[in-house]
Amino acid sequence: MDLKLSPFPTLEKQMPIEHGRFEAYVDNGGTVLAVGGPDYCVIAGDTRMSDGGYGIQTRKYTKIFQLTDKCVLATSGMQADTLALQKRLKTMLSHYQKEHGKPMSTPAIAQFLSNTLYYKRFFPYYTFNIVAGIDEKGEGCAWTYDAVGSHERVKYASQGSGNQLVIPLLDNQVAKFNQQIIAGGNVTSQQAVSFVKDAITSAGERDIYTGDYADIVVVDKDGVHWEKFELKLD
Amino acid sequence: MQQHVSFPVFGQNDYFNYKNPQTLENRMPVVDAKKKTQDPIVTGTSVIAIKYNGGVVMGTDMLCSYGSLARFNSIQRMEKFGSYTIIGAGGELSDFQSLSNTLNDLVTLDHCIDDGSKLSPSEIYNYVARVMYNHRNKGDPLWNSLVVMGYQNGSSFLGKVDLVGTCFKDDIVCTGYGAHIALPLMRKAALDNPNMNLEQAKKLIEDCLRVLFYRDARSSKKIQISVANENGLEISEPIELDTYMWQSGEAAVKSFSQV
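Below is a summary of the structure that appears in this document. What you see is a predicted model, and the numbers here were worked out from it, not measured in a lab.

**As for helix α3 (residues 93-113) of chain B**
All names here are of chain B. Relative to the 30 Å expected for 21 residues at 1.5 Å per residue, α3 spans 30 Å between its end C-alpha atoms, a close match to the ideal helical length. Every buried residue belonging to α3 is among Leu93, Asp95, Phe96, Leu99, Ser100, Leu103, Leu106, Val107 and Asp110, and all of these are buried. The buried residues of α3 occupy an angular sector of 140° when projected down its axis, which confines them to one face. Facing away from the buried side of α3, by more than 90 degrees, are the exposed residues Asp105, Leu109 and Cys112. Tucked inside the fold, the buried residues of α3 contact β1 (42-44), β4 (64-66), β6 (78-81), β7 (85-92), α4 (121-137) and β8 (144-152). Note on α3: the residue one or two positions beyond its end, Asp114, has a positive phi of about 55°.

And the structure:
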């Protein structure tokens with residue numbers, strides 16, 4: 001017989017449940033993109049933060065984070081993870097600066113972000129990143145990532161909820177793919193800013209998670225220049 | 001493991017489990033992450049807050065529900081921390097009490113340093129955000145939506161933190177049903193009147209809590225309003241909201257036709 005004397009009987013607790021099970025990930029949405037030129041890089045990101053559904057939590061949360069004078073990080077996805085990632089990179093870059101007496105180069109930051117993301121491979125940061133800026137030669141550069149650290153150096157990139165809407169526009173206007181009449185080639189900084197504004201406005205037209213305002217950031221040899229740009233509030 | 005014996009002999013049977021003491025962990029073993037993951041039991045509903053010209057105003061009702069049962073009718077859901085900060089909480093009451101203890105320890109520690117500096121609202125806000133995020137990383141969240149407000153050195157502070165660690169600062173912040181019902185009303189009111197004074201802000205909060213009481217079934221009409229401005233922090237005594245008539249019969253028909 002399997003009788004047990006126990007002073008503490010184990011009971012299944014029965015409680016009223018109104019909330020779902022705990023969900024550790026939330027997608028706060030948003031679109032970020034970057035275009036690299038010969039001696040500059042333009043980065044844009046909207047400032048809407050959604051609640052994971054139809055609600056807008058705030059209209060002025062900036063998704064672009066300055067890492068050095070030559071490099072910024074643009075992130076969409078889960079805001080809480082983004083914040084943790086930014087704090088981590090900031091402290092690690094500060095350590096690097098103090099150890100080596102110089103800021104980390106943009107390509108090195110790009111690799112370092114990949115390692116940082118892969119370090120959390122089995123409980124990932126739910127973040128979709130672009131690292132962009134100018135490299136040691138002064139050329140504009142951008143890297144795109146997935147949530148676990150796969151990355152690629154590219155001429156232009158977009159990430160986030162409006163990614164699918166932005167990418168074809170950049171393929172056409174920046175890379176000038178499959179156009180026999182127009183010659184490809186470099187675009188000027190002003191042209192790139194103009195593309196990027198059009199791109200993010202277009203994303204805001206159809207993507208409900210993109211809108212309110214956009215940060216337009218230009219990185220060149222003189223540093224990082226910020227501009228505010230209005231999008232639709234609906 | 002305890003064995004059952006037909007004829008227990010005193011001294012041979014471990015009646016009181018001395019050999020295998022039952023700690024809390026033994027009684028309720030943490031088998032996997034699922035055991036840690038909790039549901040909220042006693043919950044508060046919305047918190048709403050807005051910055052006005054010269055400070056911040058926050059409002060909550062005083063009900064804490066047990067599922068659909070209106071269990072505790074007079075619970076203060078806002079607390080002062082240090083000299084400049086008030087936090088309002090929705091969600092699990094016990095988690096907020098636990099967080100309050102943690103924060104009071106922090107405030108005490110800061111006081112003991114005795115360097116004349118005091119914790120600012122933004123310091124407390126960032127600390128709370130890290131606590132919430134670290135709990136979610138352990139799969140053991142503090143089930144709250146928190147609104148942090150304060151006033152220090154001539155500037156207002158208003159921010160929100162939730163159970164996964166999402167945090168942001170804004171001029172208008174609402175949690176729970178408030179984010180669906182009160183937030184649009186407050187955004188419109190702020191747009192129509194960008195330089196709101198204290199009285200107008202208080203009235204707005206009160207009106208929004210009344211609207212919430214009409215539609216949010218987990219809310220009550222017993223509310224509190226707190227203010228942070230250059231005069232310091234103040235959490236009001238309980239206020240009983242004026243609502244539409246609740247009589248039955250002829251009087252109800254009359255009052256309804258006036259609406």
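**As for the nonpolar core**
Core analysis: the biggest nonpolar cluster contains 25 residues, and Leu67(A), Ile109(A), Leu113(A), Val131(A) and Tyr145(A) have the highest contact counts within it. Elements that contribute at least two residues to this core include exactly β6 (71-77), α1 (79-100), α2 (106-119) and β8 (140-145) of chain A. Looking at this core element by element, the count peaks at 5 residues for α1(A). Discounting residues that sit within four places of it in the chain, Val131(A) has contacts with Cys71(A), Val72(A), Leu73(A), Thr106(A), Ile109(A), Ala110(A), Leu113(A), Cys141(A), Ala142(A), Trp143(A) and Tyr145(A). In terms of nonpolar packing, the next biggest core, distinct from the first, is built from 22 residues, Leu103(B), Leu106(B), Val128(B) and Phe157(B) among them.

**Overview of the packing of aromatic side chains**
Applying the stated rule across the entire model yields 6 aromatic pairs over all chains. Clustering of aromatic rings is evident, with ring pairs tying together Tyr25(A), Phe123(A), Tyr126(A) and Phe128(A). Over the ring of Tyr125(A) we find Lys120(A), and its NZ or CZ is 5.0 Å from the ring centre. Here the basic side chain of Arg136(B) rests over the ring of Tyr25(A), its NZ or CZ set 5.1 Å away from the ring centre.

**Overview of the packing of α1(A) against α4(B)**
Where α1(A) contacts α4(B), the axes come no closer than 11 Å and their chain directions differ by 110°. Considered as vectors, α1(A) and α4(B) are oriented roughly perpendicular to each other. Between α1(A) and α4(B), the residues in contact are Ala80(A), Asp81(A), Leu83(A), Ala84(A) and Lys87(A) and Asn126(B), Arg130(B), Tyr133(B) and Arg136(B), respectively.

**Points about the sheet that holds β6(A)**
All names here are of chain A. Taken together, the 5 strands give an open sheet; going across it, the order is β5-β6-β7-β8-β9, and neighbouring strands pair in antiparallel fashion. Both outer strands of the open sheet, β5 (64-68) and β9 (151-154), are each paired with one neighbouring strand and no more. Neighbour to neighbour, the strand axes of the sheet diverge by 20° on average, direction disregarded. Sheet analysis places β8 next to β9, joined by 4 bridges and oriented antiparallel. Across the sheet, residue Trp143 finds its bridge partner in β9, namely Arg153.

About the criteria used
Residues numbered from 1 in each chain as written. Chains lettered and ligands numbered in written order. Predicted model: local features only at pLDDT ≥ 70, side-chain atom pairs only at ≥ 80, totals over all residues. Heavy atoms only, no water. Helix = DSSP H or I, 4+ residues; strand = E, 2+ residues; numbered from the N terminus. Expected span 1.5 Å × (residues − 1). Buried < 20%, exposed > 50% of the residue type's maximum accessible area, 1.4 Å probe, protein only. Arc of directions from axis to C-beta. Contact = heavy atoms within 4.5 Å. Core = buried A, V, L, I, M, F, W, Y, C linked by side-chain atoms within 4.5 Å. Phe/Tyr/Trp six-rings, centres within 6.5 Å; stacked < 30°, edge-to-face > 60°. Lys NZ or Arg CZ within 6 Å of the ring centre and 35° of its normal. Axes fitted to C-alpha atoms, helices over the stretch in contact; angles between N-to-C directions. Parallel < 35°, antiparallel > 145°, perpendicular 65-115°, else oblique. Pairing = 2+ DSSP bridges.

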